[in-house]
Amino acid sequence: MRRPLIVGNWKMHGSLQANESLVQGVVARWSGVHLAEVGVCPPAVYLSQVSQLLASTNIGCGAQDVSWAETGAYTGEISAAMLADVGCQYVIVGHSERREYHAESSELVARKFIAAQSAGLTPILCVGETLAQREADETLAVIGEQLQAAVELAGRKAMTAAVIAYEPVWAIGTGLTATPEQAQEVHEFIRDQLGEAGAAVRILYGGSVKPSNAAELFAQPDIDGALVGGASLNSEDFYRICQAAE
Ligand code: PEP
């Protein structure tokens, strides 16, 4: 059985004070034993703070990006070992905002995926099509190419220890959500592409997930949870999404 997973992507939001009250709000609601696994990904500069606030809770901590390189002269970069050192368990790789604003190719994302796994982190590999690609009926081809780059470099077996997030670009931060059927179609395709490894890999949906649409998405057989942006900045909304995965 695949354990449901809900991960909050805080993007470039937060401050020492705001993080503390958000974490307190989430921890207070999510204490105890749960079926679903929960994590949050604050901005890199706050990872130490947030991982310390989460120590001895049942909520994990992750980063939003990682360098492909292990160590050395890479000004501004953060290695996977450094993320593990400050208490991260997960790292998001290939988020569409990084693919778009930082011109990250699928090959670079695959190298980040490998760097993460080499340091013992769980990569959350994001894939997703733009609206133009969906309208041109290219969704599955685009997802297939993004996935294949990681499979080629890391091997299919490596995917079982990873998490994949299907995030249609047109649904991120727009209030538009893929219908459960649209999301299920792509999740099923991703699982099929991975052959045997597909049965074990957790595939999250991301794109304007909110308390009002979470349950119908999670009811789909191939949706194992969510990567949540905007709604993860409100502890009550995030809690209600987590609860829908129970
Ligand atoms: C995201 O950025 O990963 C995301 C899914 O954002 P939102 O939930 O705000 O659409």
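Numbers given for residues are sequential positions, taken from 1 along each chain in its written order. For a predicted model such as this one, the threshold for reporting local features is a pLDDT of at least 70, and the threshold for listing and counting side-chain atom pairs is 80 or more; totals across whole chains, interfaces and linings nevertheless cover every residue. Only hydrogens and water are removed before side-chain values are computed, so all heavy atoms of the structure are retained for them.

Draft legend 1. Just the sheet that holds strand β2 (residues 37-41), in detail. In this analysis, strands are considered paired if DSSP registers two or more bridges between them. The secondary structure listing takes helices from DSSP runs of H or I that are at least 4 residues long and strands from runs of E that are at least 2 residues long, numbered from the N terminus. Spatially, the eight strands close up into a barrel ordered β1-β2-β3-β4-β5-β6-β7-β8, and their pairing is parallel. The mean inter-strand angle of the sheet, taken between neighbouring strand axes irrespective of direction, is 25 degrees. Two strands pair when backbone bridges link them, and strand β5 (residues 122-127) and strand β6 (residues 163-166) are joined in this way by four bridges, in the parallel orientation. Counterpart to Leu125 in the pairing with β6 is Ile164. Its contacts with the sheet put helix α8 (residues 180-193) on β5, β6 and β7 (202-206), and the angle it makes with β7 is roughly 150 degrees. Axis lines are fitted to C-alpha atoms, over the contacting stretch for helices. Their N-to-C directions set the angle, which ranges from 0 to 180 degrees. Contacts are residue-level and defined by heavy atoms, with any inter-residue pair within 4.5 Å sufficient.

Draft legend 2. Spotlight on the site of the ligand. Residue proximity to a molecule or strand is established when one non-hydrogen atom of the residue lies within 4 Å of it. Close to the ligand lie 14 residues; Lys11, His95, Glu167, Gly173 and Ser208 are nearest. For the purposes of these results, a polar contact is taken to be a pair of N or O atoms within 3.5 Å, where, inside protein, one atom must be able to donate a hydrogen and its partner to accept one; residues adjacent in sequence count only when each atom of the pair is a side-chain atom. Ser208 is positioned such that a nitrogen or oxygen atom in its backbone is 2.8 Å from an oxygen atom of the ligand. At 2.8 Å, a backbone N or O of Gly229 approaches an oxygen atom of the ligand. Working definition of accessibility: Shrake-Rupley area with a 1.4 Å probe, residue cover restricted to the visible protein chains. Taking 300 Å² as the accessible area of the ligand by itself, protein coverage stands at 96%. Tallied by class, residues from the shell around the ligand come to four nonpolar, eight polar and two charged. Charged residues are taken to be Asp, Glu, Lys and Arg, nonpolar residues to be Ala, Val, Leu, Ile, Met, Phe, Trp, Tyr, Cys and Pro, and polar residues to be all remaining types, Gly included.

Draft legend 3. Here's a closer look at the packing of aromatic side chains. Planes of paired rings set the category: under 30 degrees apart is stacked, over 60 is edge-to-face and the rest tilted, where pairs are Phe, Tyr or Trp rings (Trp by its six-membered ring) whose centres lie within 6.5 Å. Scanning the entire structure with this criterion turns up three aromatic pairs. Geometrically, the ring pair formed by Trp68 and Tyr74 is edge-to-face, given 5.5 Å between the ring centres and 70 degrees between the ring planes. Using a relative accessible area of 34% as the deciding quantity, one classes Trp68 as partly exposed. Given the relative accessible area of 36%, Tyr74 is considered partly exposed. Across from the ring centre of Trp68, 4.3 Å away, lies the NZ or CZ of Arg111, which sits over that ring. Accessibility here uses a 1.4 Å probe with only protein chains present; expressed as a share of the type maximum, an area under 20% marks a residue as buried, one over 50% as exposed, and anything in between as partly exposed. Two thresholds decide whether a charge sits over a ring: the Lys NZ or Arg CZ must be within 6 Å of the ring centre and within 35 degrees of the ring normal.

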